[in-house]
Amino acid sequence: MPASKRMSKEEKRNVVLGIYYKSKSVFTEKEIHALAAKSGINANTIPEINQSLVDDGLVEKEKIGGSNYFWSFPAKKDRMMQTQHEKRVRNIEQLKQQRAQSL
């Protein structure tokens, strides 16, 4: 009987993020834990993985009443990358100007 392959933390993050992207819905904590567990992620690590996605800004979290709601849409990651690219371009332009002034 072959041993089951263990998922790395990054693979688990991608699986959970994929759940959000495929459904394009808002989930309660309980719902996302159930869906992630069905996808093969150990139930004990789901809260940690979900929180790391929230901390990195890939998943939004809102507490309404006594419940926490989570959501993420594919365009959010694209927009984050676009914003990061624009910042880098502005930084490069500033560095070019500083270099030109120092010469």
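Residues numbered from 1 in each chain as written. Predicted model: local features only at pLDDT ≥ 70, side-chain atom pairs only at ≥ 80, totals over all residues. Heavy atoms only, no water.

(A) Spatial organisation of the overall build of the chain. Of regular secondary structure, the chain possesses 4 helices and 3 strands. Put simply, the chain runs from its N terminus to its C terminus through helices and strands in the order α-β-α-α-β-β-α. In terms of overall dimensions, the chain has a C-alpha envelope of 65 × 45 × 20 Å along the principal axes. Burial analysis of the chain (103 residues in total) assigns 23% to the buried set. (Helix = DSSP H or I, 4+ residues; strand = E, 2+ residues; numbered from the N terminus. Buried < 20%, exposed > 50% of the residue type's maximum accessible area, 1.4 Å probe, protein only.)

(B) Fine view of helix 1 (residues 9-23). Taking 1.5 Å of rise per residue, the 15 residues of helix 1 would be expected to cover 21 Å, and the 22 Å separating its terminal C-alpha atoms lies within 8% of that figure. All of the buried residues along helix 1 are Lys12, Arg13, Val16, Leu17, Gly18, Ile19, Tyr20 and Tyr21. Buried residues in helix 1 make contact with strand 1 (27-28), helix 2 (29-38), helix 3 (46-55), strand 3 (67-71) and helix 4 (74-102). Phi turns positive, to about 50°, at Lys24, one or two residues after helix 1. (Expected span 1.5 Å × (residues − 1). Contact = heavy atoms within 4.5 Å.)

(C) Structural detail: the sheet that holds strand 3. What the 3 strands build is an open sheet, ordered 1-3-2; its pairing is antiparallel. Of all the strands in the sheet, just strand 1 and strand 2 (60-64) have a single pairing partner and so form its edges. Sheet topology places strand 1 next to strand 3; 2 bridges connect them, and they run antiparallel. Directly across from Thr28, in strand 3, lies its bridge partner Tyr69. (Pairing = 2+ DSSP bridges.)

(D) Region of the structure containing the pairing of strand 2. Bridge count between strand 2 and strand 3: 5 bridges; the pairing is antiparallel. For Lys63, the partnering residue across the bridge sits in strand 3 and is Asn68. With antiparallel pairing between neighbouring strands as the criterion, strand 2 and strand 3 make up a hairpin whose turn holds 2 residues, including Gly65 at a positive phi of roughly 65°.

(E) Spatial organisation of the packing of aromatic side chains. For the coordinates displayed, the defined rule picks out 1 aromatic pair. Aromatic side chains Tyr20 and Phe27 sit 5.7 Å apart centroid to centroid with 65° between the ring planes, which places their arrangement in the edge-to-face category. The two residues Tyr20 and Phe27 agree in class, both being buried. (Phe/Tyr/Trp six-rings, centres within 6.5 Å; stacked < 30°, edge-to-face > 60°.)

(F) Region of the structure containing the packing of helix 1 against helix 2. At a closest axis distance of 10 Å, the pairing of helix 1 and helix 2 adopts a crossing angle of 120°. On the basis of their axis angle, the class for helix 1 and helix 2 is oblique. Seen along the crossing, helix 1 lies across helix 2 with a hand that is right-handed. Across the interface between the two elements, Val16, Ile19 and Tyr20 of helix 1 pack against Ile32, Leu35 and Ala36 of helix 2. Residues of the contact of helix 1 with helix 2, tallied by class, amount to 6 nonpolar, no polar and no charged. (Axes fitted to C-alpha atoms, helices over the stretch in contact; angles between N-to-C directions. Parallel < 35°, antiparallel > 145°, perpendicular 65-115°, else oblique. Left-handed = near helix turned anticlockwise from the far one by under 90°. Nonpolar A, V, L, I, M, F, W, Y, C, P; charged D, E, K, R; others polar.)

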